[in-house]
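Letter by letter, the chains look like this.
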Amino acid sequence: MFDFRPYFRASVTSLLIILLAGCAVEPQSQVQPQSVTILHTNDHHGRFWRNEAAEYGMSARKTLIDHIRKEVAAENGILLLLSGGDINTGVPESDLQQAEPDFKGMKLLGYDAMALGNHEFDNPLTVLDKQHQWAGFPLLSANIYDKQTGKRRYQPYQMFETQGLRIAVIGLTTEDTAKIGNPEYIGKLEFRNAAAEARNLIAEIEQTEKPDMVIAVTHMGHYDNAKSGINTPGDVTLARAQQPGSLDMIIGGHSQEPVCMEEENQNRNDYVPGLPCQPDFQNGTWIMQAHEWGKYVGRADFTYQNGELELQQYQLIPVNLRNQPAAMPRLQEDQQMLSLLRPFQQVGEKKLGIKIADLNGRLEGDRNQVRFRQTNLGRLIAAAQMHRANADFGLISGGGIRDSIEAGEITYKDVLRVQPFGNTLGYVQMRGDEVLDYLGHVATKPTDSGAYAQFYNLSLRLKNGKVEAVRIGGEPLQPDRQYRFSLAGFYASGGDGYPRLLDHPGYVDTGFVDADVLRAYLEQHSPINAADFAPAGKIEVVN
Ligand SMILES: [Zn+2]
């Protein structure tokens, strides 16, 4: 099944000699193999700049891609540069600038198309529209529909015609976006079954566009042998659901791994830079993914001849990774890209590196803690939100806390590591008996889940899964009194299985961004005494 011919250049040459020698009457396009190179990345997540160890970054990536472009052009080859999506969210310098440097950098790199990833929906849809303009190339997804109109919300596919070859690139987005995305932003969107959408769309394109090749850029994840667990099905399921031979390749993302197969249906989990990489092959479809963050550029060299596409060589090319073989040369950073990105990096650093507060002890935000018990950081964030919303108590979830803060100077960068999602703050006003009912849904969320709730200015007892002895500000909850509490818009929209509050007459979206609320609170209350937020005895669990 896996046929590598690294000396394909030689075989092309010998074919040409045969052609020139005898078969001159044949139309050239029928006989001469056309070389097609697909370059790909995925799950960029804000990494426009190199990291502290000078790994990856778009400037070095440009040097590499420019080099390959020259090489391919010299051979009269066709080249497409594609992305499996998730450009947004992960690095404060990028997040703070709505990934403007990332999308403008992709434009300069010459990306031809990308799949919309779930994290493209971390911001309001107007931001994504803006990002589309910065990118200047198609952001594709065939399975996202507008609930109201029943029509596709984004461009489903793009045709590329070059040297007589017609290549269709279709886009697909994980249906899990509906579950894990911010309901405030995606509430009007419907994420339909990607495999079924692809089947219909490919059948349609075959009639209308008559492509020679069909490529899917997807953000759905690669799961060995289609075992996707609690995730919705990914690329392997997609490939198996198509008419054999109708989909040539999938350029994927979302599971953030190098797809390098050890044996059939089994990805190797010990891949290191420099090793050969065997992409997955399912039902006649190649499946490729280049880990994450621009650590690698995936390079697939095909030949196309008489309607047949054949993979000649595949590589994951590391971009200045620490653990790549010493024999692989370091890539210089491209000057043009550096001039584009440096001002963004400087603006970002300036905004993030400034001290906003002093702190005398560690604020606990580790995943293994905040999803299991009340912590000082959980309570501090809830306190900051409660104060900003003028509420009686504050509520946040463990899943919304992404890092700890160490004692010493706190910067905005530290805050954004804790709260990278840019959720807006909401509050709701309701009667005490209604609050009790709401707490019955929320305070009972299981530990070891992102939904696990943390509170400030509220104490309660959980006895056999039932909420009792609720006190707000030290006073017992009164059923007929009005209370106001603060929470992230994500949870008010029904995220993580919380009761939906957006339509509640007492609900208000403040429009304040969570990280900004926390930054302001820390600034105003500096120096921060970590012990003030210790959770002792606030939430008692009795079995
Ligand atoms: Zn993703």
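Presented here is an overview of the structure given in this document. Because the structure is a prediction, the values reported are computed rather than measured. (Residues numbered from 1 in each chain as written. Predicted model: local features only at pLDDT ≥ 70, side-chain atom pairs only at ≥ 80, totals over all residues. Heavy atoms only, no water.)

## A few points about the coordination of the zinc ion
A metal bound by six donors in octahedral fashion has ideal angles of 90 or 180 degrees, whereas one bound by four tetrahedral donors has an ideal angle of 109.5 degrees.
Then, number 1: In this structure, Asp86 (OD), Asn118 (OD1), His219 (NE2) and His254 (ND1) serve as the protein donors to the zinc ion, at separations of 2.1 to 2.3 Å.
Then, number 2: Because the angles between the four donor atoms bound to the zinc ion fall within 83 to 169°, the donor set is best described as irregular.
Then, number 3: On the primary sequence, the residues serving as donors to the zinc ion are separated as D-x31-N-x100-H-x34-H. Taken as a pair, histidine 219 in strand β9 (residues 213-219) and histidine 254 in the loop between β10 (249-251) and β11 (261-263) lie far apart in primary sequence, 35 residues in all. For the residue pair histidine 219 and histidine 254, the accessibility class agrees, reading buried in each case. (Donors = N, O, S within 2.8 Å, 3.2 Å for Na, K, Ca; no water. Tetrahedral: all angles 85-135°; square planar, octahedral: opposite > 155°, others 65-115°. Helix = DSSP H or I, 4+ residues; strand = E, 2+ residues; numbered from the N terminus. Buried < 20%, exposed > 50% of the residue type's maximum accessible area, 1.4 Å probe, protein only.)

## Structural notes on the pairing of strand β23 (residues 466-472)
Then, number 1: Here five bridges tie strand β22 (residues 458-463) to β23, and the two strands are oriented antiparallel to one another. Across the sheet, the residue bridging to leucine 458 is isoleucine 472, located in β23.
Then, number 2: Where β22 hands over to β23, the hairpin turn is made up of two residues, of which asparagine 464 adopts a positive phi near 50°.
Then, number 3: Judged from the two bridges that link them, β23 and strand β24 (residues 475-476) form a sheet pairing that is antiparallel. The residue bridging arginine 471 from the neighbouring strand is proline 476, located in β24. (Pairing = 2+ DSSP bridges.)

## Quick look at the environment of valine 297
Then, number 1: Mapped onto the elements of the fold, valine 297 is located in strand β15 (residues 296-305).
Then, number 2: Separated by 28 residues in the primary sequence, valine 297 and proline 325 have C-alpha atoms spaced 16 Å apart.
Then, number 3: In this view, valine 297 contacts Leu39, His40, Thr41, Arg61, Leu64, Ile65, Gln315, Leu316, Ile317 and Val319; residues no more than four positions away in its chain are not counted. (Contact = heavy atoms within 4.5 Å.)

## What about the packing of helix α3 (residues 58-74) against helix α5 (residues 100-109)?
Then, number 1: Where α3 contacts α5, the two axes come as close as 10 Å, and the packing angle between them is 15°. Relative to α5, the element α3 lies roughly parallel. The chirality of how α3 crosses α5 is right-handed. Along its contact with α3, which presents Met58, Arg61, Lys62, Ile65 and Arg69, the element α5 presents Pro101, Asp102, Gly105, Met106, Leu108 and Leu109.
Then, number 2: Of the residues belonging to the contact of α3 with α5, the class tally is six nonpolar, one polar and four charged. (Axes fitted to C-alpha atoms, helices over the stretch in contact; angles between N-to-C directions. Parallel < 35°, antiparallel > 145°, perpendicular 65-115°, else oblique. Left-handed = near helix turned anticlockwise from the far one by under 90°. Nonpolar A, V, L, I, M, F, W, Y, C, P; charged D, E, K, R; others polar.)

## Here's the deal with the sheet that holds β10
Then, number 1: Ordered by their spatial adjacency, six strands build an open sheet running β6-β7-β9-β10-β14-β13, and the pairing between neighbours is mixed. Of all strands in the sheet, those with a lone pairing partner are β6 (157-162) and β13 (280-282), marking the two edges. Each neighbouring strand pair of the sheet contributes to a mean axis angle of 25°, computed without reference to strand direction.
Then, number 2: Of the strand pairs in this sheet, β13 and strand β14 (residues 285-288) are connected by three bridges, and their pairing is antiparallel.

## Things to note about the packing of α5 against helix α11 (residues 335-353)
Then, number 1: At a closest axis distance of 10 Å, the pairing of α5 and α11 adopts a crossing angle of 170°. Relative to α11, α5 is oriented roughly antiparallel. Counted together, Glu100, Pro101, Lys104, Gly105, Leu108 and Leu109 of α5 and Gln336, Met337, Leu340, Leu341 and Phe344 of α11 form the full contact between these two elements.
Then, number 2: Considered class by class, the residues forming the contact of α5 with α11 number seven nonpolar, two polar and two charged.

## Some words on the state of the cysteines
Then, number 1: One pass over the structure, following the stated rule, counts one disulfide.
Then, number 2: Cysteine 260 shares a disulfide with cysteine 277; S-S distance 2.1 Å. The disulfide joining cysteine 260 to cysteine 277 has a torsion of about -95° about its S-S bond and is therefore left-handed. With a gap of 17 residues between them, cysteine 260 in the loop between β10 and β11 and cysteine 277 in the loop between β12 (266-267) and β13 connect regions that are remote in the sequence.
Then, number 3: On the accessibility criterion, cysteine 277 (3% relative accessible area) is buried. (Disulfide = S-S within 2.5 Å.)

## So, the side chain of histidine 119
Then, number 1: Locating histidine 119 in the fold gives a position in the loop between β3 (113-115) and α6 (125-135).
Then, number 2: The buried category is assigned to histidine 119, whose relative accessible area is 19%.
Then, number 3: One polar contact links histidine 119 to aspartate 122, side chain to side chain, over a distance of 2.4 Å. (Polar contact = N/O pair within 3.5 Å; in protein donor to acceptor, adjacent residues only side chain to side chain.)

## A short note on α5
Then, number 1: α5 sits mainly inside the fold: seven of its ten residues count as buried.
Then, number 2: The set of residues buried in α5 consists of Glu100, Pro101, Asp102, Phe103, Gly105, Met106 and Leu109.
Then, number 3: Downstream of α5 by one or two residues, glycine 110 has phi in the positive range, about 85°.

## Points about the nonpolar core
Then, number 1: Formed by 39 residues in total, the largest nonpolar core has its most connected members in Phe103, Met106, Phe121 and Leu139.
Then, number 2: Counting residues per element, the ones that place at least two in this core are α3, β2 (78-83), α5, α6, β8 (189-191) and α11.
Then, number 3: For this core, the element with the highest residue contribution is α3, accounting for six residues.
Then, number 4: Beyond its immediate sequence surroundings of up to four residues, phenylalanine 103 is in contact with Ile87, Asn88, Met114, Gln131, Trp134, Ala135 and Leu139. (Core = buried A, V, L, I, M, F, W, Y, C linked by side-chain atoms within 4.5 Å.)

## Topic: the packing of aromatic side chains
Then, number 1: Tallied over the entire structure, the rule returns twelve aromatic pairs.
Then, number 2: With centroids separated by 5.8 Å and ring planes inclined at 90°, the aromatic side chains of phenylalanine 121 and phenylalanine 191 adopt a geometry described as edge-to-face. Of this pair, phenylalanine 121 sits in the loop between β3 and α6 while phenylalanine 191 sits in strand β8, placing them 70 residues apart in sequence. Take phenylalanine 121 and phenylalanine 191: they sit in the same class, and that class is buried.
Then, number 3: With centroids separated by 4.9 Å and ring planes inclined at 20°, the aromatic side chains of phenylalanine 393 and phenylalanine 485 adopt a geometry described as stacked. Taken as a pair, phenylalanine 393 in strand β18 (residues 393-397) and phenylalanine 485 in strand β25 (residues 482-488) lie far apart in primary sequence, 92 residues in all. We note that phenylalanine 393, like phenylalanine 485, is buried.
Then, number 4: One aromatic cluster is present, built from ring pairs that chain together Phe121, Tyr154 and Phe191.
Then, number 5: Seen from the ring of tyrosine 145, arginine 192 lies directly overhead, with NZ or CZ sitting 3.6 Å from the centre.
Then, number 6: The ring of tyrosine 412 carries arginine 519 above its face, with NZ or CZ at 5.6 Å from the centroid. (Phe/Tyr/Trp six-rings, centres within 6.5 Å; stacked < 30°, edge-to-face > 60°. Lys NZ or Arg CZ within 6 Å of the ring centre and 35° of its normal.)

## Things to note about the pattern of salt bridges
Then, number 1: Under the defined criterion, the tally for this structure stands at 25 salt bridges.
Then, number 2: Here aspartate 270 and arginine 268 are joined by a salt bridge, their closest N and O atoms 2.9 Å apart.
Then, number 3: Looking at aspartate 270, the relative accessible area reads 40%, which means it is partly exposed.
Then, number 4: Given a relative accessible area of 22%, arginine 268 falls into the partly exposed group.
Then, number 5: Among the salt bridges present, the one from arginine 417 reaches aspartate 414, with a minimum N-O distance of 3.5 Å. Of this pair, arginine 417 and aspartate 414 are both found in helix α14 (residues 412-418), three residues apart, which corresponds to roughly one turn of the helix. (Salt bridge = Lys/Arg side-chain N within 4 Å of Asp/Glu carboxyl O.)

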